[in-house]
Amino acid sequence: MRYISTRGEAPALAFDDVLLAGLASDGGLYVPEAWPLFSLAELRALSGLAYPELACRVMLPFLGGAIAEGEFASLVREAYAGFDDERVVPLKRLGQGECLMELFHGPTLAFKDLALQLVGRLFDHVLERRGERVTIVGATSGDTGSAAIAACQGRASIDIFILHPHGRVSEIQRRQMTTVAAENVWNIAIEGSFDDCQDLVKGMFNDRPFREGLRLSAVNSINWARIMAQIPYYIWAALSLGGLERSIAFAVPTGNFGNVYAGYAAREMGLPVAQLIIGSNRNDILTRFFESGVMEIRAVEPTLSPSMDIQVSSNFERLLFDLLGRDGSRVKEAMANLRKEGHLELARADWQKTRPLFSSAMLDDEATLRAIAQVMRETGEFLDPHSVIGLVAGRRMRRDQSVPLVALLTAHPAKFPDAIARAIGRVPPVPARLQALAGLEEKYTILPNSLSEVEGFVRAALAKRNQG
Ligand SMILES: *Cc1c(COP(=O)(O)O)cnc(C)c1O
């Protein structure tokens, strides 16, 4: 198995190189040269397996032998051993053929743990074998930072520095990051905005001596391994709902298009998927695109579902690559236009290819609050403001009521108590993991919005650790 860049100019790489590279050298994203195919019989043979076993079998063809099967199986088992539900990804049936897939049982109570808990271990495994180390730097407005820290804490070959805007992330989010005691984790609170944090991270990557000296790396959502680790739960859900006699529709609250693209990958591998329904908030660039074939960038608006406050969804380029006939030069041109003009328009025939599979709907904050209240009335379930957008989009766009609808729940409701209190006047019960945070000591450093100060801090912290 080799991976090729969506922009057609970077060399094809093996799995372990793609893992460490993240972005391709031509600015594109890596995708498998060809999708591994599973027949219906091969998929059915996976039913009854525990989640880590199933996940291992689904992902194995993507490794192309870069990691030995037995070692990979242990890494996958370890990745999901810390989940607080032994099923890892429990499913809850509602009426009307609806089903909720709970992706929030990992250490930070958000679906990003499903991918990052494995990716952190894969990084460590490959680096250790090569005798190399990396320094991961990232900026967070809340959720991704804690999932990345949880994935990297205590890994021997990784140091991680996460920047967050001082005083501008919620208390839960800050505590999830700052109470991690591992010695390879540093939290930096920047006196500035999230954009300032992102600019500082970009600044570090653009500073070549710094980047190369410290071997900077990222575990962001374009990393192929993150997509790969999200494919198994689509197959898990379909098998859990029956023997694949019927195809299934999935409803996915979407930001960077990583989660729903993994559903697309599962279908390319042979899973009978009837519909992939995307939910977006007011930042509805994808909904407008799937309705019209035209992608138009607008300013990002803050909403109650902050992890979906995104304009250009980075993983969309992977779908675009297929829509444009896997022609890297066409992707390169389209992406350059999107960057320059804020506009990308597909030929009608190319856009039409998306119609049978993808649909999309938008819920603004008011509709999100009403939906949280409605779902509570109907089912007694607390849904967080991201997940509820997916479920309601699914209900709106579901074409065939005889096709089961699986709604992906991407965050535990207790992470968003304020929105839920606004919707229904009370807050969800707090799981043990979050309760425990209140008693732990926080560790973070406040720094000014200055690239030289931040770089100085990173250098000094690593030097000190290497001495000790
Ligand atoms: C990251 C995130 C999303 C968006 O997922 P993408 O893969 O970026 O589309 C949705 N909900 C929550 C809670 C998230 O953290």
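For the structure itself, look to the data block above.
Residues numbered from 1 in each chain as written. Predicted model: local features only at pLDDT ≥ 70, side-chain atom pairs only at ≥ 80, totals over all residues. Heavy atoms only, no water.

Draft legend 1. The packing of aromatic side chains, seen in detail. Counted under the stated rule, the structure contains 21 aromatic pairs. With centroids separated by 6.4 Å and ring planes inclined at 50°, the aromatic side chains of Trp35 and Tyr261 adopt a geometry described as tilted. Here Trp35, found in the loop between strand S2 (30-32) and helix H2 (40-44), pairs with Tyr261, found in helix H12 (residues 258-268); they are 226 residues apart in sequence, far enough to count as distant. By the burial criterion, Trp35 is buried, and Tyr261 matches it. Feature note: the residues Tyr3, Phe15, Trp35, Phe62, Trp224, Phe257, Tyr261, Tyr264, Phe289, Phe290, Phe316 and Phe358 constitute an aromatic cluster, connected by ring pairs. (Phe/Tyr/Trp six-rings, centres within 6.5 Å; stacked < 30°, edge-to-face > 60°. Helix = DSSP H or I, 4+ residues; strand = E, 2+ residues; numbered from the N terminus. Buried < 20%, exposed > 50% of the residue type's maximum accessible area, 1.4 Å probe, protein only.)

Draft legend 2. Examining empty space enclosed by the protein more closely. Scanning the entire structure with this criterion turns up 1 cavity of 30 Å³ or more. Within this model, the largest cavity holds a volume of roughly 40 Å³. Around the largest cavity sit Thr254, Gly255, Ser280, Asn283, Asp284, Ile285, Leu286, Met308, Ile310 and Ser313, which together line it. Looking at the lining of the largest cavity, its residues break down into 4 nonpolar, 5 polar and 1 charged. (1 Å grid on protein atoms, 1.4 Å probe; cavity = no way out; pocket = protein on both sides within 12 Å on 5 of 7 lines; lining within 4 Å. Points joined across faces, edges and corners; volume = space filled by probe spheres on them. Nonpolar A, V, L, I, M, F, W, Y, C, P; charged D, E, K, R; others polar.)

Draft legend 3. Seen up close, unusual backbone geometry. Of note, the phi angle at Phe257 is positive, near 70°, even though the residue is not glycine. With respect to the element layout, Phe257 can be found in the loop between strand S9 (248-253) and H12. On the basis of relative accessible area, Phe257 is assigned to the buried category, the value being 1%.

Draft legend 4. Representation of the pattern of salt bridges. Taken as a whole and judged by the stated rule, the model has 27 salt bridges. Two residues, Arg330 and Asp350, come together in a salt bridge whose shortest N-O distance is 2.9 Å. Of this pair, Arg330 sits in helix H15 (residues 328-341) while Asp350 sits in helix H16 (residues 348-352), and the two are 20 residues apart along the sequence. Among the ionic contacts, a cluster of salt bridges with common partners joins Glu171, Arg174, Arg175 and Glu442. (Salt bridge = Lys/Arg side-chain N within 4 Å of Asp/Glu carboxyl O.)

Draft legend 5. Looking closely at the environment of Glu98. Topologically, Glu98 is positioned in strand S4 (residues 98-102). Residues Glu98 and Ala249 lie 151 residues apart in sequence; the distance between their C-alpha atoms is 9.6 Å.

Draft legend 6. How the structure looks around the side chain of Ser359. Along the chain, Ser359 turns up in strand S13 (residues 358-362). If sequence neighbours within four positions are ignored, Ser359 has contacts with Gln275, Leu276, Ile277, Ile278, Met397 and Arg399. (Contact = heavy atoms within 4.5 Å.)

Draft legend 7. Looking closely at the sheet that holds strand S8 (residues 216-217). Spatial strand order, S8-S5-S6-S7-S15: 5 strands in an open sheet with parallel pairing. The open sheet has two edge strands, S8 and strand S15 (445-448), and neither has a second partner. Across 6 bridges, the pairing between strand S6 (residues 158-165) and strand S7 (residues 185-191) is parallel. Each residue of the ladder has a partner; that of Pro165, found in S7, is Ile190. Contacts from helix H5 (residues 112-130) reach strand S5 (134-139), S6 and S8 within the one sheet, and its direction differs from that of S6 by about 145°. Relative to S5, helix H8 (residues 194-206) is tilted by about 150°, and along the sheet it contacts S5, S6, S7 and S8. (Pairing = 2+ DSSP bridges. Axes fitted to C-alpha atoms, helices over the stretch in contact; angles between N-to-C directions.)

Draft legend 8. Up close: the sheet that holds strand S10 (residues 273-280). One open sheet holds the 6 strands; their spatial order is S3-S4-S14-S9-S10-S13, and the pairing between them is mixed. One side of each edge strand has no neighbouring strand; the edge strands of this open sheet are strand S3 (91-93) and S13. Within the sheet, the average angular offset between the axes of one strand and its neighbour, ignoring direction, is 25°. Looking at chain direction, S3 and S4 are connected through 3 bridges and run antiparallel. What sits directly across from Leu91, in S4, is Met101. Sitting on the sheet, helix H13 (residues 285-292) touches S10 and S13, and the angle it makes with S13 is about 135°.

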